[in-house]
Amino acid sequence: MPPRKILIDTDPGQDDAFAILLALGSPDELEVVGVTAVAGNVPLARTARNAQMVLELAGRGDITVYPGCQRPMVRKLFTAEYVHGESGIEGCDLPEPSHALGEKHGVDFIIDTLMASAPGEITLCPLGPMTNIAMAMIKEPAIVTRIREIVFMGGGFFEGGNTTPAAEFNIFVDPHAAHVVFTSGVPLTMVPIDCTYKALMTPDWLKQLRAVGTRTAVEAAGMAEFYQQWGNQKFGTDRYPLHDPCVIGYLLKPELFGGRNCHVSIEITSPTTMGMTVVDWWNVTKQEPNCMVLRDLDNPPFYDLILERLSRLP
């Protein structure tokens, strides 16, 4: 089978970096046809540059990054330097980009890529707020039927939220964009914190990653170690999850994940629960499912996969 074509929309973020590296380390299964940046973990200027540097680290500086939306559709931008550090990817020393940012707006790149491809050929992988994806749908509705699937990290249900008691960060930052995507009719696979909280990296695994000895592995380990400090403070443990690589892990090894089709809606009116993903896990409303919601993850094989694929990179 030819590699599955994916377009990564991202706001790096250490865990975004791991997702990008995992995809680039898996060329037999995945072809990264483009990368767009969105404001989220840090402002757009930094997320775009961070994406460039991660691509450069992996030896793929030839992949152009297209900056997209600088703010959410309706709300003011909320960022997460308190988790990721001032740059968004603290803990590493990444190479300078060798290629310029794309001149085309990220939203237009998404539209043009989908319109130039066969229907059902491109899978979108949003790793941050869905602003770029929603704006592309609004600007050119014809792309909706051309998207194979959207596999994204975001939301939560039994775990509640990680930014407010009700809302996970990616959805909270731009709930109106998420609402557009969830009501679009595109096939969706949601990787919520209920699933990603099971993707716990251990100190022993980080030692194995650093011991690979390549620049990619060493810098990735540095990013993960910095990121883990937040988990140590929040959870009082030496194990902390990498959220975004679960999106790529699911595309590579869906058998490592478990979930069910559910109806999911996005709360966009209540100030108390703004950005909540209302997951009808038990089908109490009898509404037609609109999303595959993942909940389970086989952890050791997942991290074995990340280690093996990152070891392929320079």
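What comes next concerns the included structure. Bear in mind the structure is a predicted one, so any value in this text is a computation, not a measurement.

To continue, consider the side chain of T164. Here T164 lies in the loop between β5 (147-153) and α6 (169-173). Here T164 falls in the buried class, since its relative accessible area comes to 18%. Here A167 takes part through its backbone nitrogen, which lies 2.9 Å from a polar atom of the side chain of T164.

Here the focus is the packing of aromatic side chains. One pass over the structure, following the stated rule, counts 14 aromatic pairs. Aromatic pair F78 and F172: ring centres 5.6 Å apart, planes at 90 degrees, arrangement edge-to-face. Residue F78 is located in the loop between β3 (65-67) and α3 (81-84), and its partner F172 is located in helix α6; the two are separated by 94 residues in the primary sequence. According to the relative accessible area criterion, F78 is partly exposed, its value standing at 32%.

Turning our eyes to something else, we now look at the environment of H176. As for its position among the elements, H176 is in helix α7 (residues 175-182). The sequence separation of H176 and S98 amounts to 78 residues, and the corresponding C-alpha distance is 35 Å.

With five of its five residues buried, strand β4 (residues 122-126) lies for the most part within the structure. Alternating positions in β4 separate into two faces, I122, L124 and P126 on one and T123 and C125 on the other, with burial throughout. Across three bridges, β4 lies against β5 in parallel orientation. Along β5, the bridge assignment pairs I122 with I147.

Another point: the packing of helix α11 (residues 245-252) against helix α12 (residues 299-310). Running from amino to carboxyl end, α11 crosses α12 at an angle of 95 degrees, the nearest separation of the two axes being 11 Å. When the axis of α11 is compared with that of α12, the two are roughly perpendicular. Residues P245, C246, G249 and L252 of α11 form the contact with α12, whose own contacting residues are F302, L305, I306 and R309. Of the residues in the contact of α11 with α12, the class split is six nonpolar, one polar and one charged.

Glancing now at helix α1 (residues 14-24). Burial runs high along α1: 11 of the 11 residues are buried. By the burial criterion, the buried members of α1 are Q14, D15, D16, A17, F18, A19, I20, L21, L22, A23 and L24.

Sheet strands pair by backbone hydrogen bonding; their relative direction is either parallel or antiparallel. Pairing is mixed across the open sheet formed by eight strands, whose spatial order is β3-β2-β1-β4-β5-β6-β12-β9. Since the sheet does not close on itself, it has two edges, and those belong to β3 and β9 (257-262), each with one partner. Direction aside, neighbouring strands of the sheet carry axes that sit 25 degrees apart on average. The pairing of strand β1 (residues 4-10) with β4 spans five bridges and is classified as parallel. If you follow L7 over to β4, its bridge partner there is L124. Along the sheet face, α7 touches β5, β6 (188-191) and β12 (291-297) and points at about 140 degrees away from the line of β6. Contacts between α11 and the sheet are confined to β1, β2 (30-37), β4, β5, β6, β9 and β12, with β5 contributing the most and set at about 135 degrees to the helix.

Take the pattern of salt bridges next. Opposite charge on two side chains lets them pair, provided their charged atoms get close. Within this structure, the stated rule accounts for 12 salt bridges. For E308, the salt bridge is made with R309, and the minimal N-O distance between the two is 2.6 Å. The class of E308 is partly exposed, set by a relative accessible area of 36%. According to the relative accessible area criterion, R309 is buried, its value standing at 6%. For the salt bridge of R312 with E308, the shortest nitrogen-to-oxygen distance reads 2.9 Å. For R312, a relative accessible area of 41% puts it in the partly exposed group. Salt bridges here are not isolated pairs; linked through shared partners, they connect E29, E308, R309 and R312.

Moving on to unusual backbone geometry. Peptide bonds are mostly trans, and most non-glycine residues show a negative phi. The amide bond that connects P12 to the next residue, G13, takes the cis arrangement and shows omega of -5 degrees. Mapping G13 onto the fold places it in the loop between β1 and α1. In the Ramachandran plot, N283 falls in the positive-phi region, its phi being about 55 degrees despite a non-glycine side chain. Within the element layout of this structure, N283 appears in the loop between β11 (277-279) and β12. With phi around 60 degrees, K286 is a residue other than glycine that occupies positive phi space. You can call K286 exposed: its relative accessible area is 65%.

Calculation criteria
- Within each chain, residue numbers correspond to sequence positions counted from 1 in written order.
- Under the rules for a predicted model, residues below a pLDDT of 70 receive no local features and side-chain atom pairs below 80 are neither given nor counted, while totals for whole chains, interfaces and linings still include all residues.
- Hydrogens and waters are ignored; side-chain quantities use all the structure's heavy atoms.
- Secondary structure elements follow DSSP: runs of H or I no shorter than four residues count as helices, runs of E no shorter than two count as strands, and numbering proceeds from the N terminus.
- Only protein chains enter the accessibility calculation, which uses a 1.4 Å probe; a residue is then buried when its area is under 20% of its type maximum, exposed when over 50%, and partly exposed in between.
- Identification of polar contacts relies on pairs of N or O atoms within 3.5 Å, with a donor-acceptor requirement for protein atoms, meaning one able to donate a hydrogen and the other able to accept it, and with residues adjacent in sequence counted only if both atoms are side-chain atoms.
- For this analysis, a ring pair means two rings from Phe, Tyr or Trp (six-membered ring only for Trp) whose centres lie within 6.5 Å, classed as stacked if their planes differ by under 30 degrees, edge-to-face if by over 60, and tilted for the remaining angles.
- Note: two strands are recorded as paired if DSSP finds a minimum of 2 bridges between them.
- Whenever a helix is involved, its axis is fitted only over the stretch in contact; in every case the axis is a line through C-alpha atoms, and angles between N-to-C directions fall within 0 to 180 degrees.
- In these notes the angle categories are as follows: under 35 degrees is roughly parallel, over 145 is roughly antiparallel, 65 to 115 is roughly perpendicular, and the rest is oblique.
- Residue contacts follow a heavy-atom distance rule, with two residues in contact if any of their heavy atoms lie within 4.5 Å.
- Side-chain classes are defined by residue name, with Ala, Val, Leu, Ile, Met, Phe, Trp, Tyr, Cys and Pro counting as nonpolar, Asp, Glu, Lys and Arg as charged, and the others, Gly among them, as polar.
- The term salt bridge refers to a side-chain nitrogen of Lys or Arg lying within 4 Å of a carboxyl oxygen of Asp or Glu.

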